[in-house]
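Given next are the chains, with one letter for each unit.
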Amino acid sequence: MVMKTRIKNILREKPLGETVIICGWVRTRRDTGGFSFIEVSDGSCLANLQIIADDRLDNYQSEIKQLSTGASVIIEGELKASPAKGQEVEVHATKIAVVGKADPETYPLQKKRHSFEFLREISHLRPRTNALGAVGRVRSRLSYAVHQFFQERGFVQVHTPIITTSDCEGAGEMFQVTTGKAGGKEEHFFGRPAGLTVSGQLQAEVYALALGDVYTFGPTFRAEKSNTSRHLAEFWMIEPEMAFCDLQGNMQIAEEMLKYLLADAMTHCPEDMELFDKFIEKGLLQKLQGVTEQEFAHITYTEAVDRLKKAKKQFEFPVEWGLDLQSEHERYLTEEVFKRPLTVTDYPATIKPFYMRVSDDGKTVAAMDILVPGIGEIVGGSQREERYDVLAARMSGAGITLADYQWYLDLRLYGSVPHAGFGLGFERLIQFVTGMTNIREAIAFPRTPGFAPC
RNA sequence: UCCUCGGUAGCUCAGUCGGUAGAGCAGGUGGCUGUUAACCACCUUGUCGGCGGUUCGAGUCCGUCCCGGGGAGCCA
C-alpha cells in the first residue's frame, strides 16, 4: 500500500519542499506547450490539488496527455509554492501512475455543472461532483456531531430493531417483511406479521425507563407513495427519549441540539459550507448563524390558529380549531410571521397519536413540532402518556388491540415516570444545513416510490 | 395518490402555422512555455420518452402509459 498524503492535510500544513504521494481522481487537465496542469481530487476536501506534469515524465506523451476527467492516478512529486493565482501550492510530479482510465466518450460526468436531476440517475458517480461530495462530508460530520452531542450529555445510544412487529400509529405505512416464500402456506417468520420500523420510539421508551436518557439514530422506513422534495421511503432519524422529562425539557433539548449541529457544521466544514452558501443557497451561512444566535419562536396550536385566522393572507385550506395545520399554514408562520424556527405545541388530541400525553384541559396533548423556514416540520415530538388508564383508553379509542402492546403498557404499570422525546429527520436537517432543496440530495442512495437502482 | 409543468445530441436547451432537426457545452484532431469552466481552428454526434391514432406528411395535433420537476396529502 502506498503511503498516501491526503489533499486536505497538504493544503492545511503546506509542507513546501517535501515529497508527497497523492491518490485521487482527475478533475480536469489543461495542456500548454511542453507541460500539463492536472487538477486532482481525492475526496478529502472540496479543493483540488494542482499537479504540474511535464514531458520529462516517461509516460507524458503516452498516458498523461490522454488523461481525462474521472481517471484515477497515483502521483509522486514535490510540493512547491505556486507562482500563479488560484492556488497557493502545487505538486511538481516526478512520477504519475495511471491506475484506472475513464473513457471520455462514455464517462457521464463533465467538467461543467450538471443538474441534480441528471446526477440522480447516476447515483454511483455523483459523489464525485463538488456539491454531492460536499454533502457527503457534511453528512458524515453531522452524524458524528449527533453522537457527540448526546454522549457529552450522558445519553445512551440504543440500537432499536429494524424489523418490528409493532406499528407506531400515525407514522405512516409499514413495509412488510416476509421470507419471500409466497404462495402455499406462507408462515410468518416471527410468528406474526412483521415489518420494517417506522420509528424506534416505542422501543426507545423501554430503554429510557431503564437507563434514563437515551437516543436512537438509525434508518426508518415508510411505505407511503410520497413524491415530494422532503420525503424518502428510507431515511435516518434521531430519536432521543428522556425519563423524568416534560414537554418543556423536550423543547429545550431539541433547540439546543439543532443549534449545536448547525454550529458544528459551520465550524468543521467551512469550505463545503461556503460552497453551499455560494452556489446552492445564497445567504445560507447568515441564515444558519442567525438560527444559532436567536431563540426559537414558540406558540401553542391555539395561538397559531388565532394568528392564522387574523392573517390577511388568503389560505387554500380552512383554519379551524381541531383541524390540522396545513403546509401553507406552517410555512406562513415560520417563513412570513416569525422568519425563524418555530415550535408549535399543545395540539388537539384528536389529530395526534395515542402515545402523546393528554393535558389537564382534556382537549390537547403535550405535543411539539419544530417548523423551519423552507422545509417545514423538521422535529416532531411529545411528552408521552405515562398514566396506564389514560393510555389504555386512548389506545382502545384508536382501535388498537391492547394485548399486542402489553409490553408498552407494562412500562406504565411498573415504575412509570413522566417522559418525553422527539424525532429529528436527519435528511431534513441535512437539507436545512446544506440548502439542498430536494431531500434526494441529502442521502447517498435515495429510495423513493419506483426508485432504488442499486 | 391528486393538481400542474416538462421529456429533442453525452449534458443544458431552442425548434414559428403540421412540411422531415439546431445552438452552446462536452468529445475527437491539430496549435499554443504558467493554465484556472484555459484559449484558437476544424470535425463527429439523434429510436425527438414508449405505444397507438389523425394526416399525403407528426418533434409539433389527439389518446394512453412510463419517467422527471414544482405544489398538495401523509409525515421526519
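Computed from a prediction, not measured in an experiment: that's the story for all the values here.

### Thoughts on the sheet that holds strand 13 (residues 342-348)
Thinking step 1. Across the sheet, eight strands lie side by side as 6-10-11-16-15-14-13-12; this open sheet has mixed pairing. In this open sheet, the two strands that pair with only one neighbour each are strand 6 (156-157) and strand 12 (297-300).
Thinking step 2. Sheet analysis places strand 11 (residues 234-243) next to strand 16 (residues 419-425), joined by five bridges and oriented antiparallel. Considered in strand 16, the bridge of Met237 is made with Gly425.
Thinking step 3. Contacting strand 6, strand 10 (213-221), strand 11 and strand 16, helix 4 (residues 201-211) runs over the sheet at an angle of about 30 degrees to strand 11.

### Thoughts on the pairing of strand 15 (residues 376-383)
Thinking step 1. For strand 15, the buried fraction is high: six of the eight residues fall into the buried class.
Thinking step 2. With six bridges joining them, strand 14 (residues 364-372) and strand 15 adopt antiparallel strand pairing. Across the sheet, Leu371 pairs through a bridge with Glu377, a residue of strand 15.
Thinking step 3. The hairpin formed by strand 14 and strand 15 contains three residues between the paired strands, and Gly374 there has a positive phi angle of roughly 90 degrees.
Thinking step 4. Summarising the sheet, strand 15 and strand 16 pair through five bridges and their orientation is antiparallel. Looking at strand 16, one finds that Ser382 is bridged to Gly421.

### Re the packing of helix 8 (residues 301-310) against helix 9 (residues 327-337)
Thinking step 1. Relative orientation of the contacting elements helix 8 and helix 9 amounts to 80 degrees, with a least axis distance of 11 Å. Judged by the angle between their axes, helix 8 and helix 9 are roughly perpendicular. Residue-level contacts link Ala304, Arg307 and Leu308 of helix 8 to His329, Tyr332, Leu333 and Val337 of helix 9.
Thinking step 2. Looking at the contact of helix 8 with helix 9, its residues break down into five nonpolar, one polar and one charged.

Parameters and conventions
Residues numbered from 1 in each chain as written. Chains lettered and ligands numbered in written order. Predicted model: local features only at pLDDT ≥ 70, side-chain atom pairs only at ≥ 80, totals over all residues. Heavy atoms only, no water. Pairing = 2+ DSSP bridges. Helix = DSSP H or I, 4+ residues; strand = E, 2+ residues; numbered from the N terminus. Contact = heavy atoms within 4.5 Å. Axes fitted to C-alpha atoms, helices over the stretch in contact; angles between N-to-C directions. Buried < 20%, exposed > 50% of the residue type's maximum accessible area, 1.4 Å probe, protein only. Parallel < 35°, antiparallel > 145°, perpendicular 65-115°, else oblique. Nonpolar A, V, L, I, M, F, W, Y, C, P; charged D, E, K, R; others polar.

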